[in-house]
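# A structural walkthrough
If you want the building blocks of each chain, they are given just below.
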Amino acid sequence: MATGIVSIAAQLMGLSPVAWALFFVNVVAYALIWVATIVRALRHPGALAADVGTHGRAPGFMTWAASTAVLGSQMVVIAKSPGIATALLIVAGVLWLVATYTVIPALTVKPNKPALGEGITGGWLLLVVGTQAIPVLTGLLVAGWSPAIQERMLFAVLAMWLAGVMLYIWISALIFFRFMFFEFRPEDMGYPYWINMGAMAISVLAGAGLIGNAQGNPLLTSLLPFVQGLTVLLWAVAAWWIPVLVILTVWKHIHRPLRYDPMMYGAVFPLGMFTVATIKMTGALKIDFLGFIPNTFFWIALAAWAAVFVGMLASVVLKTAADSGSSE
């Protein structure tokens with residue numbers, strides 16, 4: 001997800017070679033992660049099933065849908081392959097249905113539940129990200145479909161977008177409550193809390209897609225002022241979160257050393273998503289004076305991605321060397 005959105009941002013910034021390089025990295029990573037997931041499901045089905053009923057892990061299943069939709073968006077924006085993107089949209093939709101209506105009922109009926117301070121994290125907002133990733137991809141594809149299909153799919157996109165916004169309101173209220181009224185230690189400030197901003201940013205991107213597809217659609221045309229206003233509201237909330245998250249991340253590393261953590265990609269994705277969302281929103285609403293924001297955030301997102309990617313490679317090399325040394 002992080003690699004995909006930074007790749008799309010690079011394409012929109014006119015850096016096609018960077019976009020294509022990250023695109024190829026993402027295709028390989030997507031395939032490898034699915035292979036690893038399938039192997040884990042075959043070798044450790046009990047552990048995978050247990051994750052579905054664990055508050056801290058279960059929302060992560062929504063990355064199945066989100067990552068598939070982000071790759072589909074790359075297929076449209078970079079590779080110009082709407083056929084493959086449409087296939088990925090179908091897969092993402094099925095994965096979203098499976099993840100949503102497995103995880104939420106499983107956690108609802110679970111007899112022993114953690115306290116709010118232990119059970120809620122920024123990772124819960126992956127429910128929003130996975131939900132909004134599908135309207136984003138659909139918005140990129142819908143112009144190439146027949147008018148009858150367009151009408152139905154744009155209604156579905158509108159409904160799914162609004163459902164995602166409502167999900168954010170529910171979940172973010174719990175996260176804010178956890179921030180304000182429970183003990184919060186440096187080790188509690190996980191990188192997935194950056195999804196507080198990223199979930200809003202992808203909602204902005206979906207809203208911009210609705211605005212761009214409103215022409216010729218009576219329903220969206222009638223709701224256009226509402227969609228425009230809500231999209232700006234979502235962007236404002238995303239922007240509000242950024243200084244808070246920067247301060248908390250700095251505070252974390254004042255007390256805890258900075259080391260590579262796979263969860264760091266949870267911070268890279270929101271940075272890339274805020275870049276793309278701002279580009280699309282300013283274009284849809286003709287807010288040209290905000291153009292300096294994506295021009296700045298893109299380089300921050302790319303630098304963050306590069307740092308985390310290098311950290312990942314270094315971690316793999318060091319672990320391999322350590323395992324080799326211990327075997328000898």
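Each remark here, short or long, concerns the structure printed above.
Computed from a predicted model, the values in this text were never measured in an experiment.

The next point concerns the overall build of the chain. Of the regular secondary structure elements, the chain holds 12 helices and 0 strands. When the helices and strands of the chain are read in sequence order from the N terminus, they spell out α-α-α-α-α-α-α-α-α-α-α-α. The C-alpha radius of gyration computed for the chain amounts to 20 Å, which stays within 12% of the reference 20 Å derived for 328 residues, consistent with globular compactness. The proportion of buried residues among the 328 residues of the chain is 47%. Long-range pairs, those at least 24 residues apart, make up 81% of the contacts in the chain with a sequence separation of at least 6. Accessible surface, the chain as shown: approximately 15,600 Å² in total, 73% of it carbon and sulfur.

Bringing the packing of helix α7 (residues 126–141) against helix α9 (residues 195–212) into the picture now. In the contact formed by α7 and α9, the axes pass within 9 Å of each other and the chain directions differ by 20°. Compared by their axis directions, α7 and α9 come out roughly parallel. Where α7 crosses over α9, the two elements pack in a sense that is left-handed. Residue-level inspection shows Leu126, Val128, Val129, Gln132, Ala133, Pro135 and Val136 of α7 in contact with α9, the latter providing Ile195, Ala199, Ile202, Ser203, Leu205 and Ala206. Here the contact of α7 with α9 is built from residues that sort into 11 nonpolar, 2 polar and no charged.

Here we come to helix α1 (residues 2–12). The buried fraction of α1 is high, at 9 of 11 residues. Within α1 the residues assigned to the buried category are Ala2, Thr3, Gly4, Ile5, Val6, Ser7, Ile8, Ala9 and Ala10. Immediately beyond the C-terminal end of α1, within one or two residues, lies Gly14, with a positive phi of roughly 85°.

By the secondary structure assignment, Trp240 is in helix α10 (residues 218–255). On the basis of relative accessibility, which here comes to 48%, the residue Trp240 falls in the partly exposed class. Separated by 43 residues in sequence, Trp240 and Met197 place their C-alpha atoms 8.2 Å apart.

With that settled, the discussion passes to the nonpolar core. Val6, Leu125, Trp161, Ile171, Met197, Phe269 and Phe274 are the most contacted members of the largest nonpolar core, which has 106 residues in total. The contact partners of Leu125, leaving out residues within four places of it in the chain, are Tyr168, Ile171, Ser172, Ile175, Ile195, Asn196 and Ala199.

What follows is about the packing of aromatic side chains. Per the counting criterion, the structure on display carries 19 aromatic pairs. With a centroid separation of 5.2 Å and an interplanar angle of 85°, the aromatic rings of Phe61 and Trp64 are classed as edge-to-face. Ring plane angle 85° and centroid distance 6.1 Å describe the contact between Phe179 and Trp241, whose orientation is recorded as edge-to-face. Of the two residues, Phe179 sits in helix α8 (residues 147–181) while Trp241 sits in helix α10, which places them 62 residues apart along the sequence. Taken as a pair, Phe179 and Trp241 share a single burial class, namely buried. Through successive ring pairs, a cluster of aromatic residues spans Phe179, Phe184, Tyr193, Trp240, Trp241 and Trp251. A cation over an aromatic ring shows up here: Lys252 above the ring of Tyr191, its NZ or CZ 5.8 Å from the ring centre.

For the rest of this paragraph, the subject is unusual backbone geometry. For Lys80, which is not glycine, the phi torsion reads 55° and is therefore positive. With respect to the helices, strands and loops of the structure, Lys80 is situated in the loop between α4 (63–77) and α5 (82–109). Its identity is not glycine, yet Lys286 carries a phi of approximately 60°, on the positive side. Turning to its location among the elements, Lys286 is positioned in the loop between α11 (265–285) and α12 (292–327).

What counts, and at which threshold
- Residues numbered from 1 in each chain as written.
- Predicted model: local features only at pLDDT ≥ 70, side-chain atom pairs only at ≥ 80, totals over all residues.
- Heavy atoms only, no water.
- Helix = DSSP H or I, 4+ residues; strand = E, 2+ residues; numbered from the N terminus.
- Rg over C-alpha atoms; globule rule 2.2 N^0.38 Å.
- Buried < 20%, exposed > 50% of the residue type's maximum accessible area, 1.4 Å probe, protein only.
- Contact = heavy atoms within 4.5 Å.
- Areas by Shrake-Rupley, 256 points an atom, 1.4 Å probe, with all protein chains shown as cover.
- Axes fitted to C-alpha atoms, helices over the stretch in contact; angles between N-to-C directions.
- Parallel < 35°, antiparallel > 145°, perpendicular 65-115°, else oblique.
- Left-handed = near helix turned anticlockwise from the far one by under 90°.
- Nonpolar A, V, L, I, M, F, W, Y, C, P; charged D, E, K, R; others polar.
- Core = buried A, V, L, I, M, F, W, Y, C linked by side-chain atoms within 4.5 Å.
- Phe/Tyr/Trp six-rings, centres within 6.5 Å; stacked < 30°, edge-to-face > 60°.
- Lys NZ or Arg CZ within 6 Å of the ring centre and 35° of its normal.

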